[in-house]
Amino acid sequence: MAAYCTNAILKGLKYSPGDQILLCNLHTYPAVLNQAKVVVEQNPGVEIVFIDIRFPVNSKEDLITPFTKALEENPNIKIAVIDHISCGSTILFPVKEIIDLCHQYDVLSLVDGAHAAGQIPLSIEEYDADYYVGNLCKWMMVPQNVGFLWVHPKHQATFRSLATSHSDFLPTFRDRFYSAITKDRLPQVIVKDALEFHKSLGGLESISPRNSELVTKAASMLSKAWNTPELEVSPELRAPFMSMVAFPDGLDAVYQGRTRHDVAYDLILRGVHTRVCPIDGKFWCRLSCNVWNDMDDFEKLRDAVLDLIKEKTDNPGGDSMKFFIPCPPQG
């Protein structure tokens, strides 16, 4: 859902030759990167500028300084895409400070908060971004394809949906985005029930300490079992319920020349699903922990990875993918 909203924002803007779109090198969600590439294809003279953020990330300044440098050196940036919690590196970005920077340089700000709702308290209006998008289906226990779009009031009069249909010229922002086509509304209808269930568990006040403690223990356990490092990010800049651990070197060796999706498919056949993230030429494992997880899940992941490496090493010509299993998008 968030990706649909970023589509509408990036493709709905009017561009001039020389305009630039600001993205992060490792951290922008792949679907959003593809959207920016399409904008460039469809608007000659528009280009993408990448912020180069490297590890370790020890402080907010390690994130804010590259944004400042990019804005100073590229006066034609029209819009900056800012992850709130990055999907492939689980960094909690200081969005308010970065949005304020964008205001200083007269640059539009688009916050991709796909992983924020349900992990951290949100103060969307206080951030004062131009656009904020998020999902409820990742951490708020709502079915797939439910999210939200926030557009600053100063942009609402001219903002349009990607799909032009019956509601496109209705007077209010909300009504223009209420699709008139036949659609299963059940996931949206039960948002209220999901929020009440979340509250019945104690809300973030109770859920956050439990999930944070578990994912921290799981990451430490995997790091020791695999003899690999955790991603070097200062604790206060880490996503509360997510963590990154490098896969064992043996996995990189047996999957050399193959993609992260090959690794993910083979792990699914062993009963585990985790996001596989390439960082600096190495495969990393993204851990995600919610209320239904316990340490047994991460121990199963540990063993599945070690078993997979052994199988691939003992039978290098073999292929565990005997048949195709649809793999959900690794969001």
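Residues numbered from 1 in each chain as written. Predicted model: local features only at pLDDT ≥ 70, side-chain atom pairs only at ≥ 80, totals over all residues. Heavy atoms only, no water.

Mapped onto the elements of the fold, Phe197 is located in helix 9 (residues 191-200). Note on Phe197: relative accessible area 43%, which makes it partly exposed. Sequence separation between Phe197 and Phe298 is 101 residues, and the spatial gap between their C-alpha atoms is 25 Å. (Helix = DSSP H or I, 4+ residues; strand = E, 2+ residues; numbered from the N terminus. Buried < 20%, exposed > 50% of the residue type's maximum accessible area, 1.4 Å probe, protein only.)

Moving on, we come to the UniProt feature "domain: Aminotransferase class V" (unreviewed entry) in the protein. Taking the UniProt record as the reference, the feature "domain: Aminotransferase class V" (unreviewed entry) is found at residues 7-163. Across residues 7-163 one finds 32% helix and 21% strand; the C-alpha atoms that close the span lie 11 Å apart. (UniProt positions renumbered as here; feature names shortened; annotations may be inferred.)

Turning to helix 2 (residues 30-42), a few remarks are in order. Taking 1.5 Å of rise per residue, 13 residues should cover 18 Å, and helix 2 covers 19 Å from first to last C-alpha, within 8% of that figure. Among all positions of helix 2, only Val32, Gln35, Ala36 and Val39 are buried. Along the axis of helix 2, the buried positions cluster into a sector of 95 degrees, meaning they face one direction only. Buried residues along helix 2 sit against helix 1 (2-12), strand 1 (20-24), strand 2 (47-51), strand 3 (77-83) and strand 4 (108-113). (Expected span 1.5 Å × (residues − 1). Arc of directions from axis to C-beta. Contact = heavy atoms within 4.5 Å.)

Quick look at the packing of helix 3 (residues 61-73) against helix 4 (residues 95-104) now. At a minimum axis separation of 10 Å, helix 3 and helix 4 run at an interaxial angle of 15 degrees. In this view, helix 3 runs roughly parallel relative to helix 4, as classed from their interaxial angle. With respect to the hand of their crossing, helix 3 and helix 4 are arranged in right-handed fashion. The residues of helix 4 that touch helix 3, namely those facing Ile64, Phe67, Thr68 and Leu71, are Glu97, Ile98, Leu101 and Cys102. (Axes fitted to C-alpha atoms, helices over the stretch in contact; angles between N-to-C directions. Parallel < 35°, antiparallel > 145°, perpendicular 65-115°, else oblique. Left-handed = near helix turned anticlockwise from the far one by under 90°.)

This part is about the pattern of salt bridges. Using the criterion set out here, one finds 17 salt bridges in the structure. With a shortest N-O distance of 2.6 Å, Lys282 and Asp252 are connected by a salt bridge. Separated by 30 residues along the polypeptide, Lys282 in strand 9 (residues 282-288) and Asp252 in helix 11 (residues 249-254) bring together distant segments of the chain. Neither residue differs from the other here; Lys282 and Asp252 are each classed as buried. Salt-bridge contacts for Asp262 lead to Arg258; the nearest nitrogen and oxygen are separated by 3.6 Å. The partly exposed category is assigned to Asp262, whose relative accessible area is 23%. (Salt bridge = Lys/Arg side-chain N within 4 Å of Asp/Glu carboxyl O.)

Attention shifts here to the pairing of strand 1. Counted residue by residue, strand 1 has five buried out of five residues, so it is predominantly covered. Side chains Gln20, Leu22 and Cys24 of strand 1 all project onto a buried face; the interleaved residues Ile21 and Leu23 project onto the opposite face, where all are buried too. Bridge count for strand 1 against strand 2 is five bridges, and the pairing is parallel. Looking at the pairing, Leu22 lines up with Val49 of strand 2. Viewed along the sheet, the connection from strand 1 through helix 2 into strand 2 turns out right-handed. Inspection of the sheet shows strand 1 paired to strand 3 by three bridges, in the parallel sense. What sits directly across from Ile21, in strand 3, is Ile79. (Pairing = 2+ DSSP bridges. Right-handed = clockwise from strand over helix to strand, strands pointing away.)

So, about the packing of aromatic side chains. Under the criterion given, the structure shown has six aromatic pairs. Residues Tyr131 and Phe159 carry aromatic rings whose centres are separated by 5.8 Å and whose planes lie at 40 degrees to one another, so their mutual orientation is tilted. Of this pair, Tyr131 sits in strand 5 (residues 131-135) while Phe159 sits in the loop between helix 6 (153-156) and helix 7 (173-176), placing them 28 residues apart in sequence. For the pair Tyr131 and Phe159, one class covers both residues: buried. (Phe/Tyr/Trp six-rings, centres within 6.5 Å; stacked < 30°, edge-to-face > 60°.)

Glancing now at the sheet that holds strand 1. Strands sit in the order 2-1-3-4-5-6 across an open sheet of six strands; the sheet is mixed. The open sheet terminates on both sides in strands that have one partner only, identified here as strand 2 and strand 6 (147-151). Sheet twist, expressed as the mean angle between neighbouring strand axes with direction ignored, is 15 degrees. Where strand 5 lies against strand 6, five bridges are found, and the strand directions are antiparallel.

What the three strands build is an open sheet, ordered 7-9-8; its pairing is antiparallel. The open sheet has two free edges, formed respectively by strand 7 (242-246) and strand 8 (275-279), since each of these has just one partner strand. Here the average twist between neighbouring strands, direction ignored, is 35 degrees. The pairing of strand 7 with strand 9 spans five bridges and is classified as antiparallel. Following the sheet pairing, Val245 is matched in strand 9 by Cys285. Across the sheet, helix 10 (residues 203-226) lies against strand 7 and strand 9, angled at about 5 degrees from strand 7, the strand it touches most.

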